[in-house]
Amino acid sequence: MAAPAEPLPLRLELLPTDPLLLILSCLDYRDLLSCCCVSRRLNQLSSHDPLWKRHCKKYWLLSDAEKTQRNQSWKAIFISFYSDLGRYIQYYATLKRAWDDLKKYLGQRCPRMIDSLKDGVQEEDLDAVEAQIGCKLPDDYRCSFRIHNGQKLVVPGLMGSMALSNHYRSEDLLDIDTAAGGFQQRLGLKQCLPLTFCIHTGLSQYMALESVEGRNKYEIFYQCPDQMARNPSAIDMFITGTSYLEWFTSYVNNVVTGGYPIIRDQIFRYVHDKECVATTGDITVSVSTSFLPELSSVHPPHYFFTYRIRIEMSKDALPEKACQLDSRYWRITNAKGDVEEVQGPGVVGEFPIISPGRVYEYTSCTTFSTTSGYMEGYYTFHCLYYKDRFFNVIIPRFHMVCPTFKVSTARMETNHNEYTMDEDEDSTDTDEYEDRRRVLDIPAPSGRCPRHT
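Not measured: the values here are computed from a predicted model. (Residues numbered from 1 in each chain as written. Predicted model: local features only at pLDDT ≥ 70, side-chain atom pairs only at ≥ 80, totals over all residues. Heavy atoms only, no water.)

Caption draft 1: Spotlight on the sheet that holds strand β8 (residues 205-208). Read across the sheet, 5 strands follow the order β6-β8-β9-β10-β22 without closing on themselves; strand pairing throughout is antiparallel. Here the strands that pair on one side only, and so sit at the sheet edges, are β6 (192-194) and β22 (405-406). Note that β8 and strand β9 (residues 220-225) share 3 bridges and pair antiparallel. Bridge pairing in β9 links Y206 to F221. Most of the contacts of helix α12 (residues 244-256) go to strand β10 (residues 235-241), to which it runs at about 65 degrees, and overall it touches β8, β9 and β10. (Pairing = 2+ DSSP bridges. Helix = DSSP H or I, 4+ residues; strand = E, 2+ residues; numbered from the N terminus. Contact = heavy atoms within 4.5 Å. Axes fitted to C-alpha atoms, helices over the stretch in contact; angles between N-to-C directions.)

See the structure below:
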């Protein structure tokens, strides 16, 4: 009796076409290209155009309409993009989506900001900058500048604004040539490339291109000169990002989700805690805050915060609920538990009237000698219809925390005895830095508010 025949080994290319195409559709582009070299049949099936549609959409964010315009197969389009942008394939889709989302959002709200964007640069332009500065640029940074080469030096800047009565900041995203011109080799900022620039304050955010002077490679920061060190190269740092990709996409997410408000066609980098809202009767008070690195320092310890307060009366309130703000009371607590109480008439020199559906907003500031603190309090109002009736409206507790910072290595190396932080000063609430108030449905005044004395 003859022995049973050995079963033939199962080979991938022997599968029927439909299940084989299904298997190939699960492969990444690298494996799909490898299959082209296995056999004639796999080469033919791996070139099946619908297989490459998924990769074109995943990695290059291409639409059917763009494919039609190009009049090429999906595979040909993928290879064309890969030959140009292949080194950025792990970053391109994330950064392109962020740019697209930002332009769509701002196009409806701040169109002139979109007009300031520059077209992307080519590989040879980025290579020339690397040769000029003698440092390699990170691929995520290069990839973003292939999409958009920063913006023109205009106001308002793409990377956010901040306005107080006697202080204004608006940061532009620098184009690659301007950034290269500001590349630093001096001690304290050695091998640091500026990413942003404010033409009013001279403030920049820098990216470290090498791990020197206590910085991590590709870390992004605001410089903070050490005013107490004898060494002029002693520069502390407020950290704003760990990589360009994280720094840029997190900023865009804050903008397009409404985390940063649009005020007077500008992006204001106020952060609002959704729990930081208090309602007393028909009046709701909410608070958003922002840290100002350009007015802060680590040595001496001086951390500057601005806060924006919104006071709103429900539109369903009865007309006789209209009232006027008389005074404010603050209880301010720093990180050591020290408490300061502040009481005074009005807010920012004004005594706003609140009626059903009306909103009043104003900006003020506080400083701490500790890296964090919080404020809470109440406003006292009187009724307009019953002038002898007074009542308090709660201001919710809101916390302010200094971002992560690094102390200059030059300070520590020069004089270890200098490395002390005096945190004995109390925080102060002041209305000297109030912003222009904005009362909805009342025309905003021109210019800046006068200082409240």
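Having put the structure on the table, let's press on.
Caption draft 2: View of α12. Across its 13 residues, α12 extends 18 Å between first and last C-alpha, which sits within 8% of the 18 Å expected from 1.5 Å per residue. Looking at α12, one finds that the buried residues are Y244, W247, F248, Y251, V252 and V255. Projected down its long axis, α12 carries its buried residues within an arc of 120 degrees, all on one side. Just downstream of α12 lies G258, where phi reads positive at about 85 degrees. (Expected span 1.5 Å × (residues − 1). Buried < 20%, exposed > 50% of the residue type's maximum accessible area, 1.4 Å probe, protein only. Arc of directions from axis to C-beta.)

Caption draft 3: Region of the structure containing a nonpolar patch on the surface. Together, L153, V155 and I199 make up an exposed nonpolar region whose accessible area comes to about 240 Å². Mapping I199 onto the fold places it in the loop between β7 (196-197) and β8. I199 gets classed as partly exposed once you look at its relative accessible area, which sits at 43%. (Patch = residues over 30% accessible without salt bridge, like charges linked within 9 Å, V, L, I, M, F, W, Y side chains within 5 Å. Areas by Shrake-Rupley, 256 points an atom, 1.4 Å probe, with all protein chains shown as cover. Salt bridge = Lys/Arg side-chain N within 4 Å of Asp/Glu carboxyl O.)

Shape is all these values report; function is a separate question.
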